[in-house]
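The primary structure of each chain is shown beneath.
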Amino acid sequence: MKSHLVAAAAAFALALPAGGAIAQETMTAVDADGNMYTMTEVQEGMYAKWPADRQTTYDAWPGTYQEYYWSLTPAQQGGWWVLNDMQRERIYKMTPEQRTAAWSAIAAQMNAQTTTPAASANASTTTSGQMRFVSKEMAQPITQRTAASINADDLPVCEPNQQDGCINSWEKNKTGTKPLDHWPGKPASEM
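Note that the coordinates shown come from a computational prediction; the quantities given were computed from them, not determined experimentally. (Residues numbered from 1 in each chain as written. Predicted model: local features only at pLDDT ≥ 70, side-chain atom pairs only at ≥ 80, totals over all residues. Heavy atoms only, no water.)

(A) Inspection of the overall build of the protein at higher detail. Helix and strand counts for the protein come out as eight helices and four strands. From first element to last, N terminus to C terminus, the protein shows the α and β order α-β-β-α-α-α-α-α-α-β-β-α. In the protein, of all internal contacts separated by at least 6 residues, the share reaching a separation of at least 24 is 33%. Accessible surface for the protein amounts to roughly 13,900 Å². Of this, 56% is attributable to carbon and sulfur atoms. (Helix = DSSP H or I, 4+ residues; strand = E, 2+ residues; numbered from the N terminus. Contact = heavy atoms within 4.5 Å. Areas by Shrake-Rupley, 256 points an atom, 1.4 Å probe, with all protein chains shown as cover.)

(B) Summary view of the pattern of salt bridges. Within the structure shown, the criterion is met by two salt bridges. R88 is the salt-bridge partner of D85, the closest N and O atoms lying 2.6 Å from each other. Remark: R88 and D85 occur in helix α6 (residues 85–93); sequence separation between them is three residues, near one turn of the helix. With relative accessibility at 51%, the residue D85 sits in the exposed group. Judged by its relative accessible area of 5%, R88 falls in the buried class. Between E89 and K93 there is a salt bridge whose closest N-O contact spans 2.7 Å. One end of the pair is E89 and the other is K93, both in helix α6 and four residues apart, which spans about a single turn. A relative accessible area of 60% means that K93 is categorised as exposed. (Salt bridge = Lys/Arg side-chain N within 4 Å of Asp/Glu carboxyl O. Buried < 20%, exposed > 50% of the residue type's maximum accessible area, 1.4 Å probe, protein only.)

(C) The arrangement of the side chain of S169 in detail. Within the secondary structure, S169 is located in helix α8 (residues 169–173). Under the relative-accessibility criterion, S169 is labelled buried at 19%. Among residues more than four places away in sequence, those in contact with S169 are V157, K174, T175 and G176.

(D) Structural context of the environment of K172. Tracing the backbone through its elements, the reader meets K172 in helix α8. The partly exposed category is assigned to K172, whose relative accessible area is 31%. Note: C-alpha distance between K172 and P156 (16 residues apart in sequence) is 8.7 Å.

(E) Structural view of unusual backbone geometry. Unlike most non-glycine residues, N161 shows phi in positive territory, near 70 degrees. Structurally, N161 can be placed in the loop between β4 (132–134) and α8.

(F) View of the nonpolar core. Grouped together as the largest cluster of nonpolar side chains are 19 residues, with contacts concentrated most on Y58, Y69, W80, I91 and W103. Of all elements in the fold, only β2 (36–40), α4 (63–71), α5 (74–82) and α7 (96–115) reach the threshold of two or more residues within this core. With four residues, the single largest contributor to this core is α4. Not counting chain neighbours up to four residues away, the residues in contact with W103 comprise Y68, L72, Q76, G79, W80, L83 and I91. (Core = buried A, V, L, I, M, F, W, Y, C linked by side-chain atoms within 4.5 Å.)

(G) Spotlight on the side chain of Q66. Relative to the assigned elements, Q66 resides in helix α4. Take Q66: its relative accessible area is 1%, and that puts it in the buried class. One polar contact links the side chain of Q66 to the main-chain carbonyl oxygen of Y58, over a distance of 3.0 Å. (Polar contact = N/O pair within 3.5 Å; in protein donor to acceptor, adjacent residues only side chain to side chain.)

(H) Region of interest: the packing of aromatic side chains. Taken as a whole and judged by the stated rule, the model has 19 aromatic pairs. Consider the rings of W61 and W80, whose centres lie 5.9 Å apart with planes at 85 degrees: the pair is edge-to-face. Of the two residues, W61 is situated in the loop between α3 (52–60) and α4 and W80 in helix α5; the sequence distance between them amounts to 19 residues. We note that W61, like W80, is buried. On the numbers, 4.9 Å between centres and 40 degrees between planes, the contact of Y65 with Y92 is tilted. Here Y65 is found in helix α4, whereas its partner Y92 is found in helix α6, with 27 residues between them in sequence. The structure contains a cluster of three or more aromatic residues connected by ring pairs, namely Y47, W50, Y58, W61, Y65, Y68, Y69, W70, W80, W81, Y92 and W103. (Phe/Tyr/Trp six-rings, centres within 6.5 Å; stacked < 30°, edge-to-face > 60°.)

In structure tokens:
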């Protein structure tokens, strides 16, 4: 409970303008559970500068998550955007001590990614507790082949039971069994 009060006090302190006067609260968000969070003018100004997709993501969060977001440091706010919704939920539900450890691990990963992306591609970091982040991203270039770019001379003749990436032997070199140009017998609709 004390950490929530400290976090709320920190968020309130961040909302104060340079002169120390209290900022007027202007924008209120209510989530599906009825949790409400009201942004200060400073927070609203930051929100207004975000791209539309970030605003949409923020608006979908429960009010408790929105309030927690504004209690984070700028570096933690940057890390919060990198997390997916499941990871955000896990961090929010942690005890203050677990959150501190989690944010330390996230900061270490973010620092490692910005300095050596190749070295951290397969890295995993384990913290005390149940939290573990593993990156196993893989990218493979895909070539676009259109019907116009496919040449029949480039395709091999189909083997038995092969259907993709090959061509019928009759179409390629007029050998093998000639395909029928009609259906043998009556169509099923006429029986």
